[in-house]
Amino acid sequence: MNRLRVQLILAFTLVVLVAVGAIAFLINQTTGTAFRQYVTHSGLRASGSGVQRLVAYYQGQGGWDGVEGLLGEGVILSGPAGRSMPAADPRNRWPAGRLDVILADAGGKVVVDSAGEAEGRRLSSREKSRALAIAETDDGEVLGYLLLSLPGSSDRLGPLERQFLDHIRDILMVGGALAVALGLVLGVLLSRSLTAPLQRLATAARAVAAGDLGQQVRVEGSTEMAEVALAFNEMTTALGESERQRQNMVADTAHELRTPLTVLQGNLRAILDGVYPLDAAEISRLYDETRLLSRLVDDLRELALADAGQLRLNLRPTDAGQVIQSTIGSLAPAAEAHEVTLTAQVPVDLPAVQADPDRVAQVLRNLLANAMRHTPPDGSVTVAASLRETDLSGAAARAVEISVADTGEGIASKDLPHVFERFWQADPARLRANRATGGTGLGLSVAQSLVEAQGGRIWVESALGEGSTFRFTLPLAPVSR
């Protein structure tokens, strides 16, 4: 009973049953009333001369007083289906076997009842609808109402008339049964068409739960079902992409960790075997490998925290110019060793930003280290800051834009969309060169995560042979009042 398909079938059947039952009841009641009214009125019209005598009596007497005598004389001559009635019994006020007669005045008050039961009361609306209005032929003014029935019966239907009504009821019952059966069949078909997409979606969801992230379902059915199918397909696509990135991340991390570990193990084995001497130079090389491992682990940790939304930030009004100058000062010896000129262009009236100064310095160090690695000797790296109109969180706003421009070899346009991907390198030889100079392949990914965590965005502009410019924005600090 909890299955949607069963519930839909029962719902369709119940709706059809109620609708058909209500319609059949109304048709039966309306048909019975209308048919009784028709039979009664047709019989009365067959004795139209008797009705005219009642009209003449009313006009002559000025009312219905004493009309019992006229009715007792058999003024209503027609019986069921127009058949003549037996002669009157002289010992009875009313003719034996004749129709029961109820006569009411224009207001509906009963003045004559041949059965002696209704005198003095008023006709009900249903009785009025079945009665024949007695009216003057000149102006049509209603003088009263005449209601006839067989003795002891509520109507004047004979066997043929009752057989006709019974036949109508039988037809309604058969039609109702057919309608319910048709509704049940349609309910089964419609419920199947409605629940089939859900069943396919459930099957696909179970497959996804089992690890098959390539599942896609047909977009069909109602608008709501199509939206659910589209959302499911988008979800599985995103899950598949996330799984691919996770697998690549695990593989790349294992590869990057294996390289320095292999160097460490190989050199230590060579020292143990007496191939390499245990001197300061060899210890320095081993120490550099451990530093590379430490930076790689730190970068991975930063990315994991950023992905989980747990990156710790100390956002406060920050002087971006001061952070730039401090970072350049700390990297000046490294720039000098690379024979690269490191300069800053920061306006004195640069407004404060809402950021974590330590994280901003970390972003700058990553970008500057990347720029110096790819800038040849006698080249230059310039850090600039300015106030810009930018798009933050989908709305136009003013922000501070910081750029790091180098005069290196640049990046091909086809490679620009991949620059911030983890461990991505267009040239494997370039990755080896980065490792040799202390790069982990994660610096730009870490910079992107840190900038976005502080409400900014980061991008790159570059062309082969023209150098590269990395830009990122930071929101302005709120103005205190």
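All of these numbers come straight from a predicted model, not from anything done at the bench.

K.L.:
Hey, could you run me through the side chain of N233 in this one?
P.N.:
Inspection of the secondary structure assignment puts N233 in helix α6 (residues 223-272). Reaching out from N233, the side chain makes a polar contact with the backbone nitrogen of V217 at a distance of 2.9 Å. Setting aside anything within four residues of it in sequence, one finds N233 in contact with Q216, V217 and V219.

K.L.:
Can you walk me through the pairing of strand β11 (residues 468-475) in this structure?
P.N.:
On a regular strand, one side chain projects to one face of the sheet and the next to the other, so that they alternate. For β11, a buried count of seven out of eight residues is recorded, marking the element as mostly surrounded by other parts of the structure. By the bridge criterion, five bridges tie strand β10 (residues 458-462) to β11 in an arrangement that is antiparallel. By the bridge assignment, E461 is partnered in β11 with T469. Linking β10 back to β11 in an antiparallel pair, the connection comprises five residues, with G465 at a positive phi of about 80°.

K.L.:
I would appreciate a short explanation of the pattern of salt bridges in the present structure.
P.N.:
Once their charged atoms are close, side chains differing in charge can pair, the charge on each being opposite to the other. The final tally for this structure, using the stated rule, is five salt bridges. The residue R398 makes a salt bridge to E389 at a minimum N-O spacing of 3.7 Å. Ionic pairing is found between D415 and K414, a salt bridge with its closest N-O pair at 3.3 Å. Under the relative-accessibility criterion, D415 is labelled buried at 11%. The exposed category is assigned to K414, whose relative accessible area is 62%. Because the salt bridges share partners, they merge into one network encompassing E401, E461 and R471.

K.L.:
In this structure, what is going on with the nonpolar core? I would like to understand it.
P.N.:
What tends to happen in soluble globular proteins is that the nonpolar side chains get buried as a cluster. By size, the foremost hydrophobic cluster in this structure holds 43 residues, and its most contacted members are L364, L367, I402 and F472. Looking at this core, the element that brings in the most residues is helix α9 (residues 357-373), giving eight residues. In this structure F472 touches V363, L364, L367, V400, E401, I402, V451, R457, I458 and W459, once residues within four positions along its chain are discounted. Counting residues in each nonpolar core, the second largest holds 14 residues, with L54, W64, V67 and L103 among its members.

K.L.:
Help me understand the pairing of strand β2 (residues 110-113) in this model?
P.N.:
The pairing of strand β1 (residues 100-105) with β2 spans three bridges and is antiparallel. Paired with I102 across the bridge in β2 is D113.

K.L.:
Help me out: how do you make sense of the packing of α9 against helix α11 (residues 443-453) in this one?
P.N.:
Working note: a packed helix pair is described by the angle between its axes plus the distance between those axes. Orientation of α9 relative to α11, taken along the N-to-C sense of each, is 150°, at an axis distance of 9 Å. Viewed along their axes, α9 and α11 adopt a mutual orientation that is roughly antiparallel. When the axes of α9 and α11 are compared, the crossing they make is left-handed. Here R359, Q362, V363, N366, L367 and N370 of α9 come into contact with α11, specifically with G443, L444, V446, A447, L450 and V451. Classifying every residue of the contact of α9 with α11 by side-chain character gives seven nonpolar, four polar and one charged.

K.L.:
Please explain α11 as it appears in this structure.
P.N.:
In an α-helix, one turn spans 3.6 residues, which is why side chains three or four residues apart end up on the same side. Most of α11 is tucked away: eight of the 11 residues are buried. Within the sequence span of α11, burial applies to G443, L444, S445, V446, A447, S449, L450 and V451. Where α11 is buried, its residues touch α7 (280-307), α9, β10 and β11. The first or second residue beyond α11 is G455, which carries a positive phi of 90°.

K.L.:
Got a minute to help me understand a nonpolar patch on the surface in this structure?
P.N.:
A cluster of nonpolar side chains, contributed by L182, V185, L186, L189 and L190, occupies part of the molecular surface with about 450 Å² of accessible area. For L190, the position within the fold is in helix α5 (residues 159-209). L190 gets classed as partly exposed once you look at its relative accessible area, which sits at 39%.

K.L.:
Mind showing me how you'd approach α9 here?
P.N.:
With 17 residues, α9 should cover 24 Å at 1.5 Å per step; its first-to-last C-alpha distance of 24 Å lies within 8% of that length. Judged by how many residues are buried, α9 sits mostly within the fold: 13 of 17 residues are covered.

K.L.:
What is the right way to look at the packing of α7 against α11 in this model?
P.N.:
Between α7 and α11, whose axes approach to 10 Å, the crossing angle comes to 35°. The crossing of α7 and α11 is left-handed. Contact residues: D299, E302, L303 and A306 in α7; S445, V446, S449 and L450 in α11. Taken together, the residues of the contact of α7 with α11 break down into four nonpolar, two polar and two charged.

K.L.:
Just to check I follow, could you spell out unusual backbone geometry for this structure?
P.N.:
A negative phi angle is the norm for most residues apart from glycine, just as the trans form is the norm for most peptide bonds. The backbone of E339 sits at a positive phi, close to 60°, despite the residue not being glycine. As for its position among the elements, E339 is in the loop between α8 (320-337) and β6 (341-345). Although it is not a glycine, D378 adopts a positive phi angle of roughly 70°. Topologically, D378 is positioned in the loop between α9 and β8 (380-392).

Criteria and cut-off values
- Residues numbered from 1 in each chain as written.
- Predicted model: local features only at pLDDT ≥ 70, side-chain atom pairs only at ≥ 80, totals over all residues.
- Heavy atoms only, no water.
- Helix = DSSP H or I, 4+ residues; strand = E, 2+ residues; numbered from the N terminus.
- Polar contact = N/O pair within 3.5 Å; in protein donor to acceptor, adjacent residues only side chain to side chain.
- Contact = heavy atoms within 4.5 Å.
- Buried < 20%, exposed > 50% of the residue type's maximum accessible area, 1.4 Å probe, protein only.
- Pairing = 2+ DSSP bridges.
- Salt bridge = Lys/Arg side-chain N within 4 Å of Asp/Glu carboxyl O.
- Core = buried A, V, L, I, M, F, W, Y, C linked by side-chain atoms within 4.5 Å.
- Axes fitted to C-alpha atoms, helices over the stretch in contact; angles between N-to-C directions.
- Parallel < 35°, antiparallel > 145°, perpendicular 65-115°, else oblique.
- Left-handed = near helix turned anticlockwise from the far one by under 90°.
- Nonpolar A, V, L, I, M, F, W, Y, C, P; charged D, E, K, R; others polar.
- Patch = residues over 30% accessible without salt bridge, like charges linked within 9 Å, V, L, I, M, F, W, Y side chains within 5 Å.
- Areas by Shrake-Rupley, 256 points an atom, 1.4 Å probe, with all protein chains shown as cover.
- Expected span 1.5 Å × (residues − 1).

Nothing here speaks to function; it is all geometry.
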